[in-house]
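Residue strings, one per chain:
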Amino acid sequence: MAKAASSPLAQDKSLGIYIHIPFCRSKCQYCDFYSLPRSERTPELMARYVKALEKHIQEGGARAPKHVVDTIYFGGGTPSFFGPERLREVYSAVAKRFNVAKTAEVTLEANPDSITLKSCKRLLSGGFNRLSLGVQTNDDNMLALLGRPHTFRQAVRAYETAREAGFENISIDLMYGLPAQTPQQWADALGSIIDLQPDHISCYGLTVMPGTPLYAVRDRAALPGDDAQAAMYLYAASTLESYGYHQYEISNFAVTGKECQHNLKYWLGGEYMSFGPSAASDFAGTRYTFASDLTRYIRAINTGDAITTESEYVPIKERAGEYIMLRMRTVHGIEQHEYETTFLMPFQPLEQKLAIYASRGLARFRDGHWYLTPQGMLVSNQIIGQLIDAQRNSTPLSPHRF
């Protein structure tokens, strides 16, 4: 179990931890994340990976002695496929080397086919307190087409099993814009998940990425067009709100108090340190990414060789652009005093743009914050681009003003 922070408020900074588990049973037709399918035959490699992670985590903990870890996220791949004992061992390494808050949110991504009552109980007793189930749709034919290794009945059973075990914070992932998906099919899928009453629902539009099997057949996959996807998105936003799931980020909805705190670190500019191949970090002003190669990762950890493929110190001016880019995808939005005092840039050029968007129903101003409406979220890339252009053309403020 995690050792408790003496007082998070007394510490300098909070920190999120991400652990990448690249193993999975099979690779989905749309997946472009670094993962190793058919990994059930590699228990020796899994054991070596645990040892490499433990060593790397020890090194990471030494770099953050005054940080309080308040979120830990195990992503993949299929972390649940890794098995509860290995997951507990990795979590224990984090708890030993970092100052982990008693109230830390500890999330595990899971596929329904790798959930059992025994595994859930072992995860709960080992410190995990949040489960993210990849369900994607309630249509078994579509699940098979996408290469998902489960049926919808299995997904429902996995959800019920996790509840029975004692998980009080469960998220479910759904996808819209699937091949030949109709608005009614999307409504049925969303309704079937709302009926389960999870604490959090993520709705992602299918993005067909180069290099994936689905990309090779995209022209004959009967994918819904942009307008159809937009309608599905707006339907989800309004329907989920009516059932008490409040949108807090472009793709995420939660009942009050169950927003994913780890994901919010990414969107609100918090620090996070990651471990594993392909994992990206933003710590101590520097952003860096590890090579997407498990064998290389393990070897480098054991020999001290370099494993980063990208590393850069991010200057304050670039952070100002990221502040706009990331926060405008959340309901937190951007705020004048915070922006001007942090970046010494004038807020007025941004506010002038946002007022125009508000007149079109794309933005709102409330409690001192500007943020996008669901309609604005649909065209967020264009709006954010315009805001960043306005920022670049503005004259910095004098520090004496503050």
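Right above here is the structure, for reference.
Quick summary incoming for the structure in this document. (Residues numbered from 1 in each chain as written. Predicted model: local features only at pLDDT ≥ 70, side-chain atom pairs only at ≥ 80, totals over all residues. Heavy atoms only, no water.)

Time to look at the overall build of the chain. Secondary structure assignment for the chain yields 15 helices and 15 strands. Expected size for 402 residues packed as a compact globule is a radius of gyration near 21 Å; at 22 Å, the chain falls within 12% of this value. A burial count over the chain gives 51% of its 402 residues as buried. The contacts in the chain between residues at least 6 apart in sequence include a share of 70% that link residues at least 24 apart. Taken together, the 41 basic and 41 acidic charged side chains of the chain have centroids lying 5 Å from each other. (Helix = DSSP H or I, 4+ residues; strand = E, 2+ residues; numbered from the N terminus. Rg over C-alpha atoms; globule rule 2.2 N^0.38 Å. Buried < 20%, exposed > 50% of the residue type's maximum accessible area, 1.4 Å probe, protein only. Contact = heavy atoms within 4.5 Å. Lys, Arg positive; Asp, Glu negative; His and termini not counted. Charge placed at Lys NZ, Arg CZ, Asp CG, Glu CD.)

Each turn of an α-helix holds 3.6 residues, which means side chains three or four residues apart point in the same direction. Look at helix α1 (residues 43–62): 29 Å from first C-alpha to last across 20 residues, which is about the 28 Å you get at 1.5 Å a residue. Residues L45, M46, Y49, V50, A52, L53, H56, I57, G60 and G61 constitute the buried set of α1. As for α1, its buried residues are in contact with β1 (13–21), α2 (84–97), β9 (272–275), β11 (286–290) and α10 (294–303). (Expected span 1.5 Å × (residues − 1).)

All chains considered together, the criterion is met by 18 aromatic pairs. When the centroid spacing of 4.6 Å and the interplanar angle of 80° are considered together, the rings of Y266 and Y272 count as edge-to-face. Its relative accessible area of 26% is what places Y266 among the partly exposed residues. Aromatic pair F365 and W370: ring centres 5.1 Å apart, planes at 50°, arrangement tilted. Cluster of aromatic residues (ring-pair linked, three or more members): F23, Y49, F82, Y288, F290 and Y297. (Phe/Tyr/Trp six-rings, centres within 6.5 Å; stacked < 30°, edge-to-face > 60°.)

Once that is clear, we can look at the layout of surface pockets. In this approach the atoms are scanned with a rolling probe the size of a water molecule, which exposes any empty space left behind. Of the voids in this model, the second largest pocket is the one considered here, and its volume is about 390 Å³. Around the second largest pocket, the lining is made up of 15 residues, and of these Q247, V331, R364, R366 and Y371 lie nearest the centre. Listing elements by their share of the lining of the second largest pocket, those giving two or more residues are α8 (226–242), β7 (246–249), β14 (363–366), β15 (369–372) and α14 (374–378). Counting residues per element, the lining of the second largest pocket draws most heavily on β15, at three residues. Residues that form the lining of the second largest pocket fall into these classes: six nonpolar, five polar and four charged. (1 Å grid on protein atoms, 1.4 Å probe; cavity = no way out; pocket = protein on both sides within 12 Å on 5 of 7 lines; lining within 4 Å. Points joined across faces, edges and corners; volume = space filled by probe spheres on them. Nonpolar A, V, L, I, M, F, W, Y, C, P; charged D, E, K, R; others polar.)

Here we take up the pairing of β14. Direction of pairing for β14 relative to β15: antiparallel, over a ladder of four bridges. Directly across from A363, in β15, lies its bridge partner L372. (Pairing = 2+ DSSP bridges.)

In contact at an axis separation of 9 Å, α1 and α2 are set at 10° when each is read in the N-to-C sense. For the element pair α1 / α2, the angle class is roughly parallel. Facing α1, whose interface residues are P43, M46, V50, K51, L53, E54, I57, Q58 and G61, α2 presents R86, E89, V90, A93, V94 and R97. (Axes fitted to C-alpha atoms, helices over the stretch in contact; angles between N-to-C directions. Parallel < 35°, antiparallel > 145°, perpendicular 65-115°, else oblique.)

Here we take up the pattern of salt bridges. Scanning the entire structure with this criterion turns up 15 salt bridges. The partner of R25 in a salt bridge is D113, with the nearest N and O atoms 3.0 Å apart. A residue pair is termed long-range when its members are at least 10 positions apart, and R25 in the loop between β1 and α1 and D113 in the loop between β3 (99–110) and α3 (117–125) qualify at 88 residues. Judged by relative accessible area, which is 43%, R25 ranks as partly exposed. We classify D113 as partly exposed; its relative accessible area is 24%. Ionic pairing is found between R392 and D389, a salt bridge with its closest N-O pair at 3.7 Å. Taken together, the positions of R392 and D389, both in helix α15 (residues 380–392) and three residues apart, correspond to about one turn of that helix. Each of D282, R287, E312, R319 and E322 takes part in one network of salt bridges that share partners. (Salt bridge = Lys/Arg side-chain N within 4 Å of Asp/Glu carboxyl O.)

These values are about where atoms sit, not about what they do.
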